[in-house]
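Structural features, examined
Listed below are the residues making up each chain.
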Amino acid sequence: MLTGWLTAGALAAAPQGYYDSLEGLNGVNLKKAVKNVARSHTAITYGSDSWDVFLESDTRVVGGQRVWWDMYSSNNVAAPNSGSHSGLNIEHTVAKSWWGGTNNDAYKDLFHLNPSNSDANSRKSNYPMAEIASVSWDNGVTFIGTPKSGQGGGAKTVYEPADEYKGDFARTVFYMFTMYDDISWTSNCNWMYDTSSALLLKPWAYNMLLEWSKNDPVSQKERDRQEAIYKHQKNRNPFIDYPDLAEYIWGSKNGQPFHLDGRTDPDPDPDPDPDTPEIDFWEPVTIAAQLTADDRYVIVAASSNMAMSYNNSPNTTVKYFSASTAPLKFDYSGKEPVLTEIPADAAVITLTPVSGGWALKASTPTGNEMGYLCSAAAKALTLTPGLNDNGVKASITPGATSTTIAYAYSGSSTPGKLQFNGSNDGNVYNRFTCYTSTQEGVKLYRYVAKSGGDEPGDEPGDEPGDDPGDDPGEDPDAGLGTGLDSSAPETIYGIYDINGRQTTAPVEDLAPGIYIVVSNYGTRKVLR
C-alpha cells in the first residue's frame, strides 16, 4: 500500500462536484455546459487590480530576481511588490476590438490578460493567431507575418506565439469563445470565428488550436497561474483542468461522450473489415497535373474552410449552393493542411473533359449523382442533367492558395468565377456561386485513401501506443514513488493521467494505469 504518499495540501484543484454537469455530454451541448460551469465569476477591475493579481499569477525568479513572466518577449522586467511594470502593457489574448472594445466582463477576464512587452503588444495589434509562412517581424517569442495556406481566415497579417506558449494560448482561446459566445462579436474582425455557427470558432482555427494544445501540454506554470486566478476571480478554465475537453467539442471526439474519469466508450459500430481504410485523406490541389477524370474532389472556401454542399437554391436574387454547417477536419502536421473528414452533405465533384475545359458533376458522398454544375450568368450556379448544356463548361486553374474555376458568359469579357460569399445577400449567408466581382476564393481537395490506420507522421515499424522516443522495451517505473535516490522527503505537486488530467484521488483509489508524477524530485512516468 502507498498510503500517505501525498503530502497534505500538495495539490490544488476544482471543488468537489464542480464539473459533474459535464459528464456524458459532447459537442454543442458540452460547450454550453462548460459555459454554465465557469461563466459565473468575480470580475476584477481592469488596471491596477489586474497587476495586483499578476504579482501572484505571472512572475518568476530569474537569476535570483523576481521578474514579470512575459509570454510575448524574452525581456526580464523586475516585478517588485509595488507592482512596477515599466515597458509592459496588459495584453488581451483575444483582442478587445473583436467585440467592439466594450469594457465588459470579457475585457476584464484575467484568464486572457497577461503582462506583455509594449513593443510586441503594438506589433501584434489585433491580428489573429496562425502559423506563419513568411515572417516580417519577430523578437524570438512573438512572430508577425503572412499566414500559411489554409490559415488566417482571410487576414493578410497574423501573429504566432512561441511553441512553448502555444498550448497556453490555445486553451485560453477555447475558454474565451466558450464563456463569451453571446457577446457582440464584430463582423470586421471575424478571421477566427463565425457567429452563425454554434461552435463559434471556424474550422481552420479550432483545428490549429487543437494541434497546439496537444503539442504543448499543460505546464506547471499554467496550473499555478490557474490557481492564482481562481483565488481572486472564483472560476476556473476547464480546458486547463481537462486538456482533452476541447476534443469533445471541436475535435475528433465530438461524437463521443465526455467522461470525467477519462474513460472512453467502446465503438458502438466497429468496422468488421480490417482492410477498410481507417483514415481518409483529401489533399489540396495546387497543380494542373492533379486534375483527372478518375478522382473525386470537394470544393472548400479558401480561408473560411467551409465545404460546398450539394444543396442548391434558386433564390430570387442569387442561385447558389449552400455551405455545409458541419465542420471540416484537417491534419496540419505536414507542409500543407490535409482534409481528414468531410461533412455528410458535402458535394463530391468528379471531372469530365469537355472541349477546352471540364464539366463538374456533383454527387453526394454516398455516390448519388445530382447533376453538373452550370453557370450561364453572374450570381448563378445551378445543376443541370446535360453534359453539353449551356454554362456547363468551366476552366480550372489550380494555385498555391486557391483554385480558379471560371465560366465564360456569352457576350461578356469577364468570366464568372466560382467563389464563396459569407455576407448577407437577400437573407442568404455562406453560399457558393459565380461572381464577376471578387469574393473569397475556393480550393479543391482531391481524395486519397490511406489504408491501415497509421497516423500522419508515424515512423515505419512504430507499434500502436508507442510513445515518441521510447526505447524498445522501456517500461515506466514499477510503482509510484520507486526508483528515487534522494535524502529529502518527496513532495508531490501533481499527478496526471495520460490525457493530462490532474487527479486528487488517494493513491490507493487510483485505477491501474500509467500516470505522470510531478514532484520536487522532477517529472517521471510511473505505473500503478
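Residues numbered from 1 in each chain as written. Predicted model: local features only at pLDDT ≥ 70, side-chain atom pairs only at ≥ 80, totals over all residues. Heavy atoms only, no water.

1. Brief notes about the packing of aromatic side chains
Selection rule: Aromatic pairs are defined between Phe, Tyr and Trp rings, using the six-membered ring for Trp, whenever the two ring centres lie within 6.5 Å; interplanar angles under 30 degrees are classed as stacked, those over 60 as edge-to-face, and all others as tilted. Where helices and strands are cited, they refer to DSSP runs of H or I of at least four residues and of E of at least two residues respectively, numbered from the N terminus. Partly exposed describes any residue whose relative accessible area lies between the buried limit of under 20% and the exposed limit of over 50%, with all areas from a 1.4 Å probe on protein chains only and scaled to the type maximum. Distance and angle both matter: a charge sits over a ring if NZ of Lys or CZ of Arg is within 6 Å of the ring centre and within 35 degrees of the ring normal.
Scanning the entire structure with this criterion turns up 21 aromatic pairs. Ring centres of Trp 99 and Trp 185 lie 6.0 Å apart, and the angle between their planes is 90°; on these two criteria the pair is classed as edge-to-face. One end of the pair, Trp 99, is in the loop between β3 (88–92) and α3 (105–108); the other, Trp 185, is in the loop between α5 (163–179) and α6 (203–215), and 86 residues separate them in sequence. The exposure classification of Trp 99 matches that of Trp 185, with both residues buried. Aromatic side chains Phe 177 and Tyr 193 sit 5.7 Å apart centroid to centroid with 35° between the ring planes, which places their arrangement in the tilted category. Note that Phe 177 is positioned in helix α5 and Tyr 193 in the loop between α5 and α6, a separation of 16 residues in sequence. Both residues of the pair, Phe 177 and Tyr 193, count as buried. Through successive ring pairs, a cluster of aromatic residues spans Trp 98, Trp 99, Phe 177, Trp 185, Trp 191 and Tyr 193. Note that Arg 60 overlies the ring of Trp 69, its terminal NZ or CZ placed 4.3 Å from the centroid. For the cation-ring pair, Lys 221 lies above Trp 69, with the distance from its terminal atom to the ring centre recorded as 5.0 Å.

2. A look at the layout of surface pockets
To keep it simple, the criterion reads: Cavity means a closed set of points on a 1 Å grid over the protein atoms alone, one where a 1.4 Å probe fits but cannot get out, pocket means an open set with protein on both sides within 12 Å along at least 5 of 7 lines, and lining means a residue has an atom within 4 Å of a point. Grid points are joined across faces, edges and corners, and a volume is the space filled by probe spheres set on the points. Put simply, Ala, Val, Leu, Ile, Met, Phe, Trp, Tyr, Cys and Pro go in the nonpolar bin, Asp, Glu, Lys and Arg in the charged bin, and everything else, Gly too, in the polar bin.
Of the pockets and cavities examined, the second largest pocket occupies roughly 1200 Å³. In terms of lining, the second largest pocket is formed by 49 residues, of which the most central are Gly 153, Gly 154, Ser 303, Ser 304 and Glu 440. Mapped by element, the contributors of at least two residues to the lining of the second largest pocket are β19 (404–407) and β20 (416–421). Element by element, the count of residues in the lining of the second largest pocket is highest for β20, at five residues. Residues that form the lining of the second largest pocket fall into these classes: 14 nonpolar, 29 polar and six charged.

3. A closer look at the pairing of strand β15 (residues 357–363)
Heads up, the condition is: Between any two strands, pairing holds if DSSP finds at least two bridges.
The element β15 is largely enclosed, with a buried count of seven among its seven residues. Pairing of strand β14 (residues 348–354) with β15, which is carried by seven bridges, proceeds in the antiparallel orientation. Its bridge partner being in β15, Pro 353 is matched across the sheet by Trp 358. In this antiparallel pair of consecutive strands, β14 and β15, the connection spans two residues, and Gly 356 shows a positive phi of 75°. Relative to strand β18 (residues 393–397), β15 runs antiparallel, the two sharing two bridges. By the bridge assignment for β18, Ala 359 is matched with Lys 393. Bridge analysis of β15 against strand β16 (residues 369–374) gives three bridges, and the strand direction is antiparallel.

4. Observations regarding empty space enclosed by the protein
Using the criterion set out here, one finds four cavities of 30 Å³ or more in the structure. Within this model, the largest cavity holds a volume of roughly 110 Å³. Lining the largest cavity, in full, are Met 71, Phe 111, Asn 114, Asp 168, Thr 172, Lys 221, Glu 222, Arg 225, Gln 226, Asn 237 and Ile 240. Of all the elements in the fold, those that place two or more residues in the lining of the largest cavity are α5 and α7 (220–233).

5. Thoughts on the packing of α5 against α7
What counts here: Axis lines are fitted through C-alpha atoms, for helices just across the contact stretch, and the angle between N-to-C directions can take any value from 0 to 180 degrees. It only takes one pair of heavy atoms within 4.5 Å for two residues to be counted as in contact.
Where α5 contacts α7, the two axes come as close as 11 Å, and the packing angle between them is 35°. Across the interface between the two elements, Tyr 165, Gly 167, Asp 168, Arg 171 and Tyr 175 from α5 touch Lys 221, Glu 222 and Gln 233 from α7. Of the residues that constitute the contact of α5 with α7, the class distribution is two nonpolar, two polar and four charged.

6. Some remarks on the sheet that holds strand β7 (residues 158–161)
In space, the three strands of this open sheet follow the order β5-β6-β7, with antiparallel pairing throughout. Looking at the sheet topology across the chains shown, the edges are occupied by β5 (132–138) and β7. Between one strand and the next, the sheet's axes are offset by a mean angle of 45°, whatever the strand orientation.

7. As for the environment of Asn 117
By secondary structure assignment, the location of Asn 117 is in strand β4 (residues 113–117). Each C-alpha atom of the pair Asn 117 and Asn 75 lies 7.6 Å from the other, and the pair is 42 residues apart in sequence.

8. Focus on the environment of Ala 376
In this structure, Ala 376 sits in the loop between β16 and β17 (382–384). As for Ala 376 and Gly 416, which are separated by 40 residues in sequence, their C-alpha atoms are 8.6 Å apart. Ignoring anything within four residues of it in the chain, the contact list for Ala 376 reads Asn 390, Gly 391 and Tyr 409.

9. Quick word on the nonpolar core
What counts, and what does not: The set of buried Ala, Val, Leu, Ile, Met, Phe, Trp, Tyr and Cys residues whose side-chain atoms join them within 4.5 Å is what this entry labels a nonpolar core.
Ranked by internal contacts, the top residues of the largest apolar core, which has 76 residues, are Trp 98, Trp 185 and Trp 250. Taken together, the elements giving at least two residues each to this core come down to α1 (27–38), α2 (48–57), β3, α3, β5, β7, α5 and α6. No other element matches α5, which puts nine residues into this core. Core analysis: the next-biggest nonpolar cluster, separate from the first, contains 29 residues, Met 308, Ala 362, Ile 405 and Leu 418 among them.

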